[in-house]
Amino acid sequence: TCFRERENSGGGNNPVKVGHMWLFITTKEKFHGFVDSEWQGSKGEKARDNGTAEEAKATCVEEPEVKKFKPDTEEGNKAGKPDSKRLRGQNKSRPHKKPTTYDEKRLCLSVIQENRECPFGDKCYFYHDIAEYMASKPADIGESCYLYDTFGKCPFGLCCRFAKAHTTPDFKTMENTDLVKAREGKIPVKNSLSKDLQYRLRKHSVAFEKSAEYLKTLSNNRDKKEQQGNGKSAQLPSSTDKQPPVKTVGPLTDADVIKLRPCEKKQVDFRDKLYLAPLTTCGNLPFRRVCKRLGVDITCGEMAMCTNLLQGQQSEWALLKRHESEDLFGVQVEGCFPDTMTRCAELINNNTEVDFVDINSGCPIDLVYKKGGGCGLMTRTRKFEQIIKGMDYVLDVPLTVKIRTGVQEKSNMAHKLIPEMKNWGVSMITLHGRSREQRYTKLADWDYITTCSKLAGPIPLFGNGDILSYEDAMKAKETGVAGIMIARGALIKPWIFTEIKESRHWDISSGERLDILRDFSNFGLEHWGSDTRGVEKTRTFMLEWLSFMCRYIPVGLLERVPQKINERPPYYMGRNYLESLMASQNVGDWVRISEMLLGPVPKNFNFLPKHKANSYK
């Protein structure tokens, strides 16, 4: 990434300054030797000096052994040749631990909810003696509880990992009545799945009236085509077989004969806005809140499978949750059949508060593609048309579509689909400038995006791919797109939205980056809980995010600005210890950063990033 080589061949830890440029190129062994020695030798002093919490010193007590570097050859490589094969794809067999693993024995719900009798009596597995539970509970992480300070009451009570902040000496939970009254009646998170709706979905007792109307027209059209194929097209149906278009019994109302026209649907102005892409795993609600603070305009939930939503799966419905700060929010659904997708759209329309619904027609993974979903929809145009028309029929909000250039690398097909989609009822199209075969390799084809943006008018078309700086964003806007969508760029540097809006390069300090991570940890504790389960879930999602964030190279270290998204940084020393730690591609160093904010990891903790390329072996 256009670093200048270090002038001192000794390769020491002291930076060399030439003019306004800090030059820190080093080797893998020297880099990790420095990070490990500083972390263990000073017991977190340098990390604390750079804006970390006071707990950093405590977290270094049980630090694992210094990483032993593996040789360049694998154990099974008898020839002794270095393994030059690039790591790619997902770690499909990575260890998966449930949040309950880290909570050996919990406090009984009857004790948490005072004055309640335990229905299990002596057979109950959980603690009933508060003093015994508090003695076995892991040490508190910090002195102040974010939930108590924000809402005036912590719903996790004694189970909270910051319980000292709101617990009296006789183990009673305190409340700040002024804060509780101020927040009374406010619902910070919407679109939760109610128990009643979940029960009705599981019993298949939810009515999908508008979907049934649309699907009936599909079946009628299919029957007509079958009759024409059998040579019966000349036989007209009798008057008794013909169904009246509207119900004629009873008073005739406008609703009986007038459909909701496109101009009467909710209108959303998408143009000239910054759009945070729906990111599986990392695009969770706390991360979206961080991005909202940093200037993003449009947010979208993670991809949800329509079949799982129709079955009432709690984990899938959690992907539809919306925070009150998300003023322009949509949900993305994936499916491959008109019936399930239309019913899912009606379900979302009637039971959630969203500004738009997006169809995922760009997912490249085999699990989705082989079923005909994701990128597979681009090759099944008849089904794609039926899905879009059906969802548009049942929705009161705009319908958008996200696509790729095509399936094969040298066979683009988006330019053929876009003119058709304009007639099907789509309100906005997002085009990722890569094919399914490319996945995320090579550069996005912005010349092709330019061609497609001209075909899309007057419907807005957003471009997506390789945007990591405001200069990239300015070049993208010159192509004529209505707006830009940012995905990996937001994971690597979420402050990219601020840079674009202020048209500048932000040489953000390591302390400011840690503050962003601290905001994420606070939002995570609010979303997933401040007990042991919630803390470890927050940590897991933070580590997934850090696997991307470590790719960022500080602006002050670059000889050529800006950094490009396809350039991986070499090993380099930061301007201080925390900056060096944040540049590490080692999972163990990401865990150390999480320990600064969420305390020491449990003894049985294990983490492997989702993507193989995100951490060296």
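- For the protein, an unreviewed UniProt entry supplies the name tRNA-dihydrouridine(47) synthase [NAD(P)(+)] and the organism Scophthalmus maximus.
- As recorded by UniProt, the Sequence similarities (unreviewed entry) comment attached to the protein reads in full: "Belongs to the dus family. Dus3 subfamily."
- Looking at the protein in UniProt, the text filed under Cofactor (unreviewed entry) is "FMN".

1. A short note on the pattern of salt bridges
Then, number 1: With the rule as written, the count across this model stands at 28 salt bridges.
Then, number 2: For R592, the salt bridge identified is with D36, shortest N-O distance 2.9 Å. Of this pair, R592 sits in helix α25 (residues 587-598) while D36 sits in helix α1 (residues 28-41), placing them 556 residues apart in sequence. No difference in accessibility class separates R592 from D36, as the two residues are buried.
Then, number 3: A salt bridge links R560 to E567; its shortest N-O distance comes to 3.1 Å.
Then, number 4: With relative accessibility at 30%, the residue R560 sits in the partly exposed group.
Then, number 5: One network of salt bridges, in which partners are shared, links D36, D589 and R592.

2. Examining the UniProt feature "zinc finger region: C3H1-type" (unreviewed entry) in the protein
Then, number 1: In this numbering, the UniProt entry assigns the feature "zinc finger region: C3H1-type" (unreviewed entry) to residues 102-131 and 144-169.
Then, number 2: End-to-end, the C-alpha atoms of residues 144-169 are 16 Å apart, and along that stretch the chain is 23% helix and 0% strand.

3. Quick notes on helix α14 (residues 338-351)
Then, number 1: Its 14 residues give α14 an end-to-end C-alpha distance of 20 Å, which sits within 8% of 20 Å, the value for a rise of 1.5 Å per residue.
Then, number 2: Among the 14 residues in α14, 10 count as buried, and that is most of the element.
Then, number 3: Among all positions of α14, only P338, T340, M341, T342, C344, A345, E346, L347, I348 and N349 are buried.

4. Points about the pairing of strand β9 (residues 356-361)
Then, number 1: With six of its six residues buried, β9 lies for the most part within the structure.
Then, number 2: Judged by which residues are buried, β9 turns out to be covered on both faces: F356, D358 and N360 on one side and V357, I359 and S361 on the other are all buried.
Then, number 3: Where strand β8 (residues 329-334) meets β9, four bridges bridge the pair, whose relative direction is parallel. Within β9, the residue paired with G330 across the bridge is F356.
Then, number 4: Both β9 and strand β10 (residues 399-404) contribute to a ladder of five bridges, which runs parallel. Across the sheet, N360 pairs through a bridge with K402, a residue of β10.

5. Some remarks on the packing of helix α17 (residues 414-424) against helix α18 (residues 446-456)
Then, number 1: Two elements in contact, α17 and α18, have axes separated by 9 Å at closest approach and are oriented at 20°. With respect to α18, the element α17 is oriented roughly parallel. Handedness of the α17/α18 crossing: right-handed. Residues A414, H415, I418 and K422 of α17 pack against Y448, C452, L455 and A456 of α18.
Then, number 2: Residues of the contact of α17 with α18, tallied by class, amount to six nonpolar, one polar and one charged.

6. Some words on the nonpolar core
Then, number 1: One finds V357, I359, M391, M421, I484 and L517 to be the most contacted residues of the largest nonpolar core, which totals 144 residues.
Then, number 2: Not counting residues within four places of it along the chain, the set of residues in contact with I359 comprises Q332, V333, M341, L377, F384, I387, I388, M391, L399, T400, V401 and K402.
Then, number 3: Membership of the second largest hydrophobic core comes to nine residues, among which are L107, C108, C124 and Y127.

7. Comments concerning the packing of helix α16 (residues 381-394) against α17
Then, number 1: Packing of α16 against α17 brings their axes to within 10 Å, and their N-to-C directions diverge by 30°. Of the possible angle classes, the one that applies to α16 and α17 is roughly parallel. Once α16 is placed against α17, the crossing between them reads as right-handed. Here T381, F384, E385, I388, K389 and D392 of α16 lie close against α17, whose contacting residues are L417, M421 and W424.
Then, number 2: A class-by-class count of the residues in the contact of α16 with α17 yields five nonpolar, one polar and three charged.

8. Focus on α17
Given 3.6 residues per helical turn, the α-helix brings residues three or four places apart onto the same face.
Then, number 1: A414, L417, I418, M421 and W424 are the residues of α17 that are buried. Along the long axis of α17, the arc covered by the buried residues comes to 120°, so they all point the same way. Opposite the packed face of α17, turned more than 90 degrees from it, sit the exposed residues K416 and N423.
Then, number 2: Looking at the buried residues of α17, the elements they touch are α16, β10, β11 (428-432), α18 and β12 (461-464).
Then, number 3: Of the residues one or two after α17, G425 is the one with positive phi, at around 115°.

9. Looking at the packing of aromatic side chains
Then, number 1: As enumerated under the stated definition, the model contains 13 aromatic pairs in all.
Then, number 2: A ring pair is formed by F384 and W424, whose centres lie 6.1 Å apart and whose planes are at 70°; its orientation type is edge-to-face. With F384 in helix α16 and W424 in helix α17, this pair connects stretches of sequence that are 40 residues apart.
Then, number 3: Overall, F384 belongs to the buried group, its relative accessible area being 0%.
Then, number 4: Owing to a relative accessible area of 7%, W424 belongs among the buried residues under this scheme.
Then, number 5: Taking 5.0 Å as the distance between ring centres and 90° as the angle between the ring planes, the aromatic pair formed by W495 and Y552 counts as edge-to-face. In this pair, W495 sits in the loop between α20 (488-492) and α21 (496-502) while Y552 sits in the loop between α23 (532-549) and α24 (577-582), placing the two residues 57 residues apart along the sequence. Grouping residues by exposure puts W495 and Y552 together as buried.

10. Let's talk about the environment of M413
Then, number 1: Counting through the fold element by element, M413 comes out in the loop between β10 and α17.
Then, number 2: Separated by 34 residues in sequence, M413 and T379 place their C-alpha atoms 8.8 Å apart.
Then, number 3: Other than its neighbours up to four places away in sequence, M413 contacts M378, T379, T405, G406, V407 and Y448.

11. Quick notes on the environment of A487
Then, number 1: Of note, A487 is situated in the loop between β13 (483-486) and α20.
Then, number 2: On the basis of relative accessible area, A487 is assigned to the buried category, the value being 19%.
Then, number 3: Measuring from C-alpha to C-alpha, the distance between A487 and P278 comes to 7.6 Å, with 209 residues separating the pair along the chain.
Then, number 4: Once residues lying within four places of it in the same chain are set aside, the contact partners of A487 are A277, L279 and N464.

Procedures and definitions
- Residues numbered from 1 in each chain as written.
- Predicted model: local features only at pLDDT ≥ 70, side-chain atom pairs only at ≥ 80, totals over all residues.
- Heavy atoms only, no water.
- UniProt positions renumbered as here; feature names shortened; annotations may be inferred.
- Salt bridge = Lys/Arg side-chain N within 4 Å of Asp/Glu carboxyl O.
- Helix = DSSP H or I, 4+ residues; strand = E, 2+ residues; numbered from the N terminus.
- Buried < 20%, exposed > 50% of the residue type's maximum accessible area, 1.4 Å probe, protein only.
- Expected span 1.5 Å × (residues − 1).
- Pairing = 2+ DSSP bridges.
- Axes fitted to C-alpha atoms, helices over the stretch in contact; angles between N-to-C directions.
- Parallel < 35°, antiparallel > 145°, perpendicular 65-115°, else oblique.
- Left-handed = near helix turned anticlockwise from the far one by under 90°.
- Contact = heavy atoms within 4.5 Å.
- Nonpolar A, V, L, I, M, F, W, Y, C, P; charged D, E, K, R; others polar.
- Core = buried A, V, L, I, M, F, W, Y, C linked by side-chain atoms within 4.5 Å.
- Arc of directions from axis to C-beta.
- Phe/Tyr/Trp six-rings, centres within 6.5 Å; stacked < 30°, edge-to-face > 60°.

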